[in-house]
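An overview of the molecular structure
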Amino acid sequence: VDLHLARSGDQGVTFSPGMRLNPEAGEVRTLDGSHGGSVALGPDGRVHVTWIRQGEQPSIRYVRENDAGGFEAVQDLGAPAGLGANAALCVDEEGSVYVFFAALEQEVTEGETPGYRIFLRKALRDGGFAEASPIGSKKHDVSPNCLIAAHVDEVLGQLYVLYRVNYAIKEEQKSGTQRNMTLLVSTNKGLDFDPSFVNNWKLQRDPATFADLFQQDDTTIACWEGDGDVTWAAILRNKGKIDPPSSPRIDADKYYRSDAAGAANDINVLVAWLERPLILTDKGHKKPDMSVAPTLAWQVWLREGRMPYGIGKAPEATAPWPPAVLRRASGFTIVY
């Protein structure tokens, strides 16, 4: 798989020819249909991109746009042990670049078992990056199969990282494995992060999952998938907590929904996703009908009061890649 960048100057009506970013053809790693590339726009209009280079020892790659509209040399940010599904990227109002990823923490206290944590590498003034440092909870419970989302709130300047955990419940409870969505919040430019519970679902397997963070007026919106459904919620200002979540309720018993992505304007929130017919196993577990190609669907809510409109669907089947939702002055554009 390759990553290409195309620009639009007319709100998604037309795009420039795509420019390949990875220097070696086919080097971008995929996981369950998702390439995991992350893109962000800096305050100077430059594009920043990161991805995972596949191979025997996967590594993190980063590149940024230059003044001439091309790209600088690709930087290799290392190959930490057990590197997770993707590297998430965001850029703040001062142009500071933050790259987040999941990996095994090798240095643990005596008696602990090495496990997965979220790590941060922050760009230095000379264009290089500081060494990776673990952030958030000290529990080794991060799922390496979750696609991490990262965002800088445009009003508060706070850093948000959304990811999924993976840890077993005590044996005597016999309730499966926790798949909590967790939010990390930093109010001091990445020096410290505080974890916040988002929501939970229980499942024995550890699937690849997708999450997204995007701006809405004076707050940040989070959306994610879990147990065959997609959900969104606003992050409460100055609290780092999540509002009560909302999900599409129409035909929720007919479709297995995944790969949520969204965008918002001053009034509305749009969440798009991929869906397949829902199958219930003999034990009542949800699973998608993988013999059917996914289709794109979406729903719009009024941000105030979280009032939903009707669900829309694309007329044809699509590839199993997460959609992208673009905010426009007059509405939204969905790319799939």
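Provided above is the structure to which this section pertains.
Residues numbered from 1 in each chain as written. Predicted model: local features only at pLDDT ≥ 70, side-chain atom pairs only at ≥ 80, totals over all residues. Heavy atoms only, no water.

Of note, the phi angle at D217 is positive, near 55°, even though the residue is not glycine. As for its placement among the helices and strands, D217 is situated in the loop between strand 17 (211-216) and strand 18 (219-226). Positive phi values are uncommon outside glycine, yet D251 reaches one of about 60°. For D251, the position within the fold is in the loop between strand 19 (229-234) and strand 20 (255-264). Taking the relative accessible area as the measure of exposure, D251 reaches 27% and is therefore partly exposed. (Helix = DSSP H or I, 4+ residues; strand = E, 2+ residues; numbered from the N terminus. Buried < 20%, exposed > 50% of the residue type's maximum accessible area, 1.4 Å probe, protein only.)

Right, let's talk about the sheet that holds strand 17 for a bit. The antiparallel open sheet is built from three strands, whose spatial order is 17-18-19. For this open sheet the edge positions go to strand 17 and strand 19, each flanked by a neighbour on one side alone. Averaged over all pairs of adjacent strands, the angle between strand axes in this sheet comes to 20°, irrespective of strand direction. Across six bridges, the pairing between strand 18 and strand 19 is antiparallel. From the neighbouring strand, C223 faces strand 19, where its bridge partner is W232. (Pairing = 2+ DSSP bridges. Axes fitted to C-alpha atoms, helices over the stretch in contact; angles between N-to-C directions.)

Bringing the state of the cysteines into the picture now. On inspection of all chains with the given rule, the structure shows zero disulfides. Sulfur of C90: no disulfide; nearest cysteine sulfur belongs to C146 and is 15 Å away. Unpaired in this structure, C223 has its nearest cysteine sulfur neighbour in C146, at a distance of 14 Å. (Disulfide = S-S within 2.5 Å.)

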